[in-house]
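Breakdown of the fold
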Amino acid sequence: MTIIANRVDGRLIHGQVANLWATKLNITRFLVIDDEIAQSDIDKQSLKLATPSGIRLSVLPIEKAAHNINNGKYDSQRLMVIARKPDRFLQLLEHGVKLDELNVGNMSQTEETQSLTKSINVTDTDIDVFKKLNDKGLKIVSQMVPNDEAVNFMSLLNK
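An unreviewed UniProt entry lists the protein under the name PTS sugar transporter subunit IIB, with Mammaliicoccus lentus as the source organism.

What follows is the structure, encoded as structure tokens:
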């Protein structure tokens, strides 16, 4: 399979993703899936600047990303799919993309969130989406960096 890793991370591409994860997994392309970011030249330029040399970057609306994945556009690459929120991955699944595992990284704190860990904060909507992803058979873990132990994310939700 072309998809090596899937990550929810509010920061998208940053030090942990760009250096630690990309190196550990030998990623050749980041695919950021987000309808709004795909329309923002400023956001796309910022992501390009954060992407290490030697790694390609695609920033696409979810439907286009699903189409590209399902049609084998990235089959010769080692792809890391990244989104700010879990609902983007639910939409990918609904568009027929096969996903094995989702890693939940940093989700920032806001007035609407509750803390699961010091770096993972979720809204009620996020919780519903994670439950739907879990019900679809997607393995969901939380692992900030490759050297950390992967924790079953649903156990964090059910505390």
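1. Notes on the pairing of strand β1 (residues 3–8)
Of all six residues making up β1, five are buried, and the element is well covered by its neighbours. With five bridges connecting them, β1 and strand β4 (residues 79–83) associate as parallel partners. Each residue of the ladder has a partner; that of I3, found in β4, is L79. Strand direction decides the pairing type here: β1 and strand β5 (residues 101–104), joined by two bridges, are parallel. Across the sheet, R7 pairs through a bridge with N103, a residue of β5.

2. Section: the packing of aromatic side chains
Within the structure shown, the criterion is met by one aromatic pair. Measuring from centroid to centroid gives 4.4 Å for F130 and F153, while their planes differ by 50°, and the two rings are tilted. Taken together, the residues span a long stretch of sequence, with F130 in helix α5 (residues 124–135) and F153 in helix α6 (residues 153–157) at a distance of 23 residues. Accessibility classification places F130 together with F153 in one group, the buried group.

3. Focus: the environment of Q16
Mapping Q16 onto the fold places it in helix α1 (residues 15–25). A relative accessible area of 21% places Q16 in the partly exposed class. Taking the C-alpha atoms as reference, Q16 lies 6.4 Å from V145; in sequence the two are 129 residues apart. If sequence neighbours within four positions are ignored, Q16 has contacts with R7, R11, W21, M144 and V145. Polar side-chain contacts of Q16 include one of 3.0 Å to the side chain of R11.

4. Here's the deal with the pattern of salt bridges
On inspection of all chains with the given rule, the structure shows ten salt bridges. Where R88 meets D34, a salt bridge forms, and the shortest distance between an N and an O atom there is 2.8 Å. Of this pair, R88 sits in helix α4 (residues 87–94) while D34 sits in the loop between β2 (29–33) and α2 (41–50), and the two are 54 residues apart along the sequence. We classify R88 as buried; its relative accessible area is 10%. As a salt-bridge pair, R84 and E36 come within 3.5 Å of each other at their nearest N and O atoms. You can see R84 sitting in the loop between β4 and α4 and its partner E36 sitting in the loop between β2 and α2, a full 48 residues away along the chain. A single network of salt bridges, built from pairs that share partners, joins D34, E36, R84, D87 and R88.

The rules behind the values
Throughout, residues of each chain are indexed from 1 in the direction in which the sequence is written. Side-chain atom pairs in this predicted model are given and counted only at pLDDT of 80 or more, local residue features only at pLDDT of at least 70, and totals for whole chains, interfaces and linings cover all residues. Where side-chain values are given, they derive from all heavy atoms of the structure, hydrogens and water being excluded. Each residue's exposure class comes from its accessible area (1.4 Å probe, protein chains only) as a fraction of the maximum for that residue type: buried when under 20%, exposed when over 50%, partly exposed otherwise. Each helix corresponds to a stretch of at least 4 residues labelled H or I by DSSP, and each strand to a stretch of at least 2 residues labelled E; elements are numbered beginning at the N terminus. One bridge is not enough; two strands pair if DSSP finds at least two bridges between them. Paired rings are identified among Phe, Tyr and Trp, the last through its six-membered ring, by centres lying within 6.5 Å, and are further divided according to the angle between planes into stacked (under 30 degrees), edge-to-face (over 60) and tilted (the rest). In what follows, residue pairs with any heavy atoms lying within 4.5 Å of each other are defined as contacts. Pairs of N or O atoms are called polar contacts if they sit within 3.5 Å, as long as, within protein, a hydrogen donor faces a hydrogen acceptor (for residues adjacent in sequence, only side-chain-to-side-chain pairs). We define a salt bridge as a contact between a side-chain nitrogen of Lys or Arg and a carboxyl oxygen of Asp or Glu at a distance within 4 Å.

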